Structures are given as C-alpha cells and as structure tokens.
Amino acid sequence: MKYPIFGFMDFPVTFQIFDKTILVHPVFETVGIFIGMRYYFYLKRKSKEKLSFNTSAAVLIGAIAGALIGSKLIGNLENPYALFENFSFKRFWTNNTIVGGLAFGLIGVEWAKKIVGHKESTGDLIVFPLILAMIIGRIGCFLTGVHEETYGIPTDFIFGMHLGDEYLRHPVALYEIAFLIILWIILKAVQNKNKYPSGFVFQLFMLSYFSFRFMLDFIKPRVEIIGYLGTIQIVCVAVIIYYFFKLRKTKFVTSLSNIKS
C-alpha cells in the first residue's frame with residue numbers, strides 16, 4: 001500500500017525513461033554533484049588563491065578516490081552481517097553514504113597534499129558547493145521514502161510523516177536539509193568576517209555536520225556495532241575528535257596572530 005506525499009503523489013517518486021522505472025534518488029544525486037561541481041569551478045575562477053596544476057589535480061584525484069572508496073565501504077559496513085553473510089557486488093556498489101565519502105575524501109586529499117608537498121588548506125572553497133550538492137541529494141532521499149534506507153524510525157512526533165508504509169516516521173532527509181541551510185547561513189557569516197585562517201570554514205563545516213549526523217542517526221534504523229552506536233556514528237566520533245583538536249589549534253594560532261598585530 002502506498003501513502004501519498006502531501007496528498008498528491010506517492011512514495012517512492014519515480015521517473016519513466018525508455019519504459020524503465022527509475023528512482024529519483026540517483027537522479028537527484030547526479031544533478032546535485034553536477035551543480036555542485038559547476039558552482040565549485042565558478043568560485044575557483046573568482047578565488048584569489050591559485051593552486052598549481054599538479055596540486056589541483058592531486059587534490060581532485062585524492063578527493064574523488066577517497067570519497068568513492070569511503071562511501072561504499074562505510075555504506076556497506078552499516079550492516080556488516082549482511083555484507084559478509086551474503087556478499088553481492090551489486091549491493092556493495094549501490095550502498096553508499098555521504099559520511100564515508102566525506103571522511104575518506106578528507107584522507108585522500110591529505111595524502112595527495114603530502115605527495116605533492118602542499119601544506120596549506122584547500123577545503124574552504126568546496127564547502128558551499130558541497131552543501132548545495134548535499135541539499136539537492138537529500139531532496140532525492142526524501143522523495144524515495146522507505147524504498148531505500150534514508151528514512152527515520154516510527155514516531156508520534158509532530159513532524160512525523162508517512163514515507164511509503166503504514167508508519168509515521170521522522171523525515172530525517174528534511175531535518176538534514178533544514179540543518180544544512182542554517183549551517184550555510186552561519187558559515188557564510190563566519191567567512192565574511194575574514195579574520196580566520198584558510199581552512200577554518202571547512203573545519204567548522206566538518207565538525208558541525210558530523211556532530212549533527214551523530215545525533216541524527218539515533219532516529220534512523222541502524223545496526224548497533226559498539227554499545228548503542230552504528231557504524232556511521234563511530235566514524236562521526238572519530239572525525240569529531242579529529243576536528244575538535246584541529247579547531248582548537250586553529251583558534252590558538254588565530255589568537256597569537258591577533259596578539260602580534
């Protein structure tokens with residue numbers, strides 16, 4: 001039985017292309033990535049900070065390779081029992097998560113920078129294109145309902161919605177969209193102050209998003225790996241700890257610069 005979205009469409013929303021039914025989720029993800037990349041290149045052309053071709057290429061390759069590996073690996077380790085008991089390459093390839101993509105993309109970029117000997121931060125420029133791509137992707141998640149594991153647990157909370165089954169569920173994709181819009185506004189205000197070192201906005205984005213995802217996953221279906229924590233939450237904890245100390249160091253350096261000036 002299908003349940004309507006706002007009374008005029010059903011979950012999951014699909015497209016009919018060449019007599020084939022296609023979910024909107026991968027379509028919105030693709031569109032989000034395309035628009036996000038176009039926005040990134042637009043900002044890059046306007047930016048005063050110029051990177052050499054070798055550095056730009058290394059960072060891009062590191063980010064893509066790390067994000068691809070991490071999104072698939074962490075996406076499948078959300079339910080390690082299903083992964084190892086009945087392995088399917090198709091299922092492995094289609095399972096992914098933005099948490100793994102961001103965390104391993106970071107690792108890929110840091111390795112690439114070490115290889116080419118670049119020590120400065122390169123993250124600030126990608127923050128807003130990344131948020132834009134994530135917002136578009138989450139619209140696709142919401143429209144997919146319970147067909148894919150991007151929905152919330154049943155609830156009697158005021159925001160509970162029918163997402164394709166008989167339960168009222170937390171519309172976690174909408175929660176995340178609202179959070180990302182608010183985060184965009186806050187980070188833009190921080191950036192406009194122009195008093196923090198390069199990389200600070202990206203660090204603040206990563207700490208904020210991973211903290212949000214850690215909390216959000218408590219109202220999403222998950223396989224508990226350690227205590228009450230799922231795989232994504234464990235990754236979030238590691239990234240939060242990393243950026244907590246990174247931001248403390250950044251603030252310390254900024255304070256010293258202000259004292260000297």
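Calculation criteria
Residues numbered from 1 in each chain as written. Predicted model: local features only at pLDDT ≥ 70, side-chain atom pairs only at ≥ 80, totals over all residues. Heavy atoms only, no water. Helix = DSSP H or I, 4+ residues; strand = E, 2+ residues; numbered from the N terminus. pLDDT = per-residue confidence, 0-100. Contact = heavy atoms within 4.5 Å. Expected span 1.5 Å × (residues − 1). Buried < 20%, exposed > 50% of the residue type's maximum accessible area, 1.4 Å probe, protein only. Salt bridge = Lys/Arg side-chain N within 4 Å of Asp/Glu carboxyl O.

Another aspect to go through is the environment of phenylalanine 41. Mapped onto the secondary structure, phenylalanine 41 falls in helix 1 (residues 24-46). Along the chain, phenylalanine 41 and isoleucine 126 lie 85 residues apart, while their C-alpha atoms are 9.3 Å from each other.

For the protein, the average pLDDT comes to 87, and 92% of its residues sit at 70 or higher. When pLDDT is averaged over each helix and strand of the protein, the minimum, 64, is found for strand 1 (residues 4-5) and the maximum, 96, for helix 7 (residues 172-193).

Looking now at the side chain of asparagine 76. With respect to the helices, strands and loops of the structure, asparagine 76 is situated in helix 2 (residues 53-77). Other than its neighbours up to four places away in sequence, asparagine 76 contacts Leu83, Arg91, Phe92 and Asn95.

Let's shift gears to helix 8 (residues 200-216). With 17 residues, helix 8 should cover 24 Å at 1.5 Å per step; its first-to-last C-alpha distance of 24 Å lies within 8% of that length. Along helix 8, 13 of the 17 residues are buried, which leaves the element largely enclosed by surrounding structure.

Turning next to the pattern of salt bridges. Tallying each qualifying case throughout the model produces five salt bridges. The closest approach of N and O atoms between lysine 113 and glutamate 110, which form a salt bridge, is 3.6 Å. Remark: glutamate 110 and lysine 113 occur in helix 5 (residues 98-116); sequence separation between them is three residues, near one turn of the helix. On the basis of relative accessibility, which here comes to 27%, the residue glutamate 110 falls in the partly exposed class. With a closest N to O distance of 3.8 Å, arginine 222 and glutamate 224 form a salt bridge.

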